[in-house]
Amino acid sequence: MASFENFDLAHLGGVELYTPKFEESLHFFRDILAMREVARIGDSAYLRCWDEYQLYTLKLTASDTNGVGRTLFRATSPEALERRVAAIEKAGLGHGWRDPEVGVGRSFEFEDPDGHLMGIYYDTEHYVPDEQDTPALKNQASAFPGRGVNARRMDHINYLASDVNAAGEFWRDVMMARESERVRLDDGGYGAWWFRFQQKSYDVVYSDDWTGERGRFHHFALAPDTREDILKAADIFLENKIHIEFGPYKHAINQTFFIYVWEPGGNRIELANAGARLILDPDWPVVEWSQAERAKGQAWGAKTVPTFHTHGTPFVENQEEIDAAAMRGEAYKKPEKDEKSE
């Protein structure tokens, strides 16, 4: 049965993404997805989806690698923040308090058991639109862009993990998120685990990293209004030479309509639309899928694209060759060293 602590987290607050191709990645988010740049500090651009109430959605940072930086989560109250911080400190994963920064008040920095860097906060800065960005309807955060993909808001984030069990237990027992769905492996444990904070079907996901590495990134998802927007996005990506990895299609798990692409910096981005599906029952039981059920593919029968299990950021050694082999239906074989040349 749900307790009041199961509602201590409000939503995913903001994601930092590293890119080795800053200008190309900025064009992708700002011009193709129609996000608005609201600040530029150092090597980072802060961008927002048009109906986010907070100042920004994405912190895009120039780097010599790709992958996820710090992910922020908003608590539902100052008391909820203190409860979760106490639990994180008890688990031995806290880094300490950070001073207020762009868009948020003081935050408590921590890491999950797989080494992903995170922060939790309550105080936040609401976006105030200027004359150019003032909406016609006063109950939305800013004007509808009417161009490109028109990403409305952040939806969820999916991390790769070397140990899905440990990561999932952290979110269930320490962060007090409610389980949504999970995939049980034949040899025990879980291959993937979905968690929700409020009435959306999921906010945080962990997927097994087949490379065995720690702290890598699978994707984050932005939500447009309808599944028709995702169909239109596919044509927009095609015209802009953005690699479409998978979709448009419908997930079996959580039933989301989706498309996955690789933005120019190599990070996987999802456009996702859940339609009308919410989980209103606070005690809704976790839905568990067997490995055989998961292997059947997505909702309408299509098999999951092979790179879904190999492609992650930051790249591992020979990442492009690993992905290419997966697309050919082959296991990647690392080249043997030439002993004569050593």
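Our structure is the block above this text.
Here, residues in each chain are numbered from 1, in the same order as that chain's written sequence. Totals for whole chains, interfaces and linings use all residues, but because this is a predicted model, local features are given only for residues with pLDDT of at least 70 and pairs of side-chain atoms are given and counted only at 80 or more. To obtain the side-chain values, all non-hydrogen atoms of the structure were used and water was disregarded.

**Remarks on the overall build of the protein chain**
Part 1: Only runs of H or I of at least four residues qualify as helices and only runs of E of at least two qualify as strands under DSSP, and these elements are numbered from the N terminus. Counting its regular elements, the protein chain contains six helices and 17 strands.
Part 2: Here the C-alpha radius of gyration of the protein chain, 20 Å, is about what a compact globule of 342 residues would show, namely 20 Å.
Part 3: The buried share of the protein chain, reckoned over its 342 residues, is 52%.
Part 4: Whether two residues are in contact is decided by their heavy atoms, any of which lying within 4.5 Å being enough. A sequence separation of at least 24 residues applies to 66% of the contacts in the protein chain between residues at least 6 apart.
Part 5: The centroid of the 39 positive side-chain charges in the protein chain is displaced by 3 Å from the centroid of its 58 negative side-chain charges. Radius of gyration means the value over C-alpha atoms here, while the globule rule gives 2.2 Å times the residue count to the 0.38 power. Relative accessibility thresholds used throughout: buried, under 20% of the residue-type maximum; exposed, over 50%; partly exposed, between the two (1.4 Å probe, protein chains only). Charged-residue counts in this description rest on Lys and Arg as positive and Asp and Glu as negative, His and the chain ends being excluded. Taken as the charge centre is NZ of Lys, CZ of Arg, CG of Asp or CD of Glu, depending on the residue.

**A closer look at empty space enclosed by the protein**
Which parts of space are left empty comes out when a probe the size of a water molecule is rolled across the atoms.
Part 1: Definitions used for this entry: grid spacing 1 Å over protein atoms alone; cavity, a set of points where a 1.4 Å probe fits but cannot get out; pocket, an open set with protein on both sides within 12 Å along at least 5 of 7 lines; lining residue, one with an atom within 4 Å of a point. Grid points are joined across faces, edges and corners, and a volume is the space filled by probe spheres set on the points. For the coordinates displayed, the defined rule picks out three cavities of 30 Å³ or more.
Part 2: Roughly 70 Å³ of volume is contained in the largest cavity.
Part 3: Together, G14, V15, E16, Y56, K59, R70, L72 and E101 line the largest cavity.
Part 4: With three residues, the single largest contributor to the lining of the largest cavity is strand 1 (residues 9-19).

**Some remarks on the nonpolar core**
Part 1: To qualify as a nonpolar core, a set must consist of buried Ala, Val, Leu, Ile, Met, Phe, Trp, Tyr and Cys residues joined through side-chain atoms within 4.5 Å. Grouped together as the largest cluster of nonpolar side chains are 62 residues, with contacts concentrated most on F29, I120, W171, F220 and F237.
Part 2: The contacts of F237, once residues within four sequence positions are left out, are F28, I32, L33, V149, I242, I244, I259, V261 and L271.
Part 3: Listed in part, the nine residues of the second largest apolar core include Y56, L72, V102 and V104.

**Quick look at the pattern of salt bridges**
Part 1: Salt bridges, as used here, are contacts in which a Lys or Arg side-chain nitrogen is within 4 Å of a carboxyl oxygen on Asp or Glu. Under the counting rule described, the total for this entry stands at 26 salt bridges.
Part 2: The salt bridge involving R36 is made with D130; its shortest N-O contact spans 2.8 Å. Within this pair, whereas R36 is found in strand 2 (residues 36-41), its partner D130 is found in the loop between strand 8 (117-121) and strand 9 (153-161), the two being separated by 94 residues in sequence.
Part 3: For D130, a relative accessible area of 35% translates into the label partly exposed.
Part 4: When the shortest N-O distance is used, the salt bridge between E288 and R184 registers 3.0 Å. Of the two residues, E288 is situated in strand 17 (residues 287-290) and R184 in strand 10 (residues 178-184); the sequence distance between them amounts to 104 residues.
Part 5: For E288, a relative accessible area of 33% puts it in the partly exposed group.
Part 6: In the salt-bridge network here, residues are joined through shared partners; they are E5, D8, R83 and R84.

**A word on helix 4 (residues 227-239)**
Part 1: Each helix should span, by expectation, one fewer than its residue count multiplied by 1.5 Å. If you check helix 4, its first and last C-alpha atoms are 19 Å apart, about what 13 residues at 1.5 Å a residue would give, namely 18 Å.
Part 2: All of the buried residues in helix 4 are D229, I230, A233, A234, I236 and F237.
Part 3: If you follow the buried residues of helix 4, they end up packed against helix 1 (22-32), strand 14 (243-250), strand 15 (257-262) and strand 16 (268-273).
Part 4: Phi for K241, located one or two positions after helix 4, is positive at around 60°.

**A closer look at the sheet that holds strand 1**
Part 1: Should DSSP find at least two bridges between two strands, the strands are regarded as paired. Strand order in this open sheet of eight strands is 2-3-4-1-5-8-7-6, and the pairing throughout is mixed. Sheet topology places strand 2 and strand 6 (94-98) at the edges, where each strand pairs with a single neighbour. If you compare each strand with its neighbour and ignore which way they point, the axes differ by 20° on average.
Part 2: In this structure, strand 3 (residues 44-48) lies alongside strand 4 (residues 58-62), joined through four bridges in antiparallel fashion. Bridging across to strand 4, Y46 finds its partner in K59.
Part 3: Against the sheet, helix 2 (residues 78-90) makes contact with strand 5 (67-75), strand 6, strand 7 (107-111) and strand 8, and its axis sits at roughly 145° relative to strand 8, the strand it touches most. The axes used here are C-alpha line fits, helices contributing only the stretch in contact, and every angle between their N-to-C directions lies in the interval 0 to 180 degrees.

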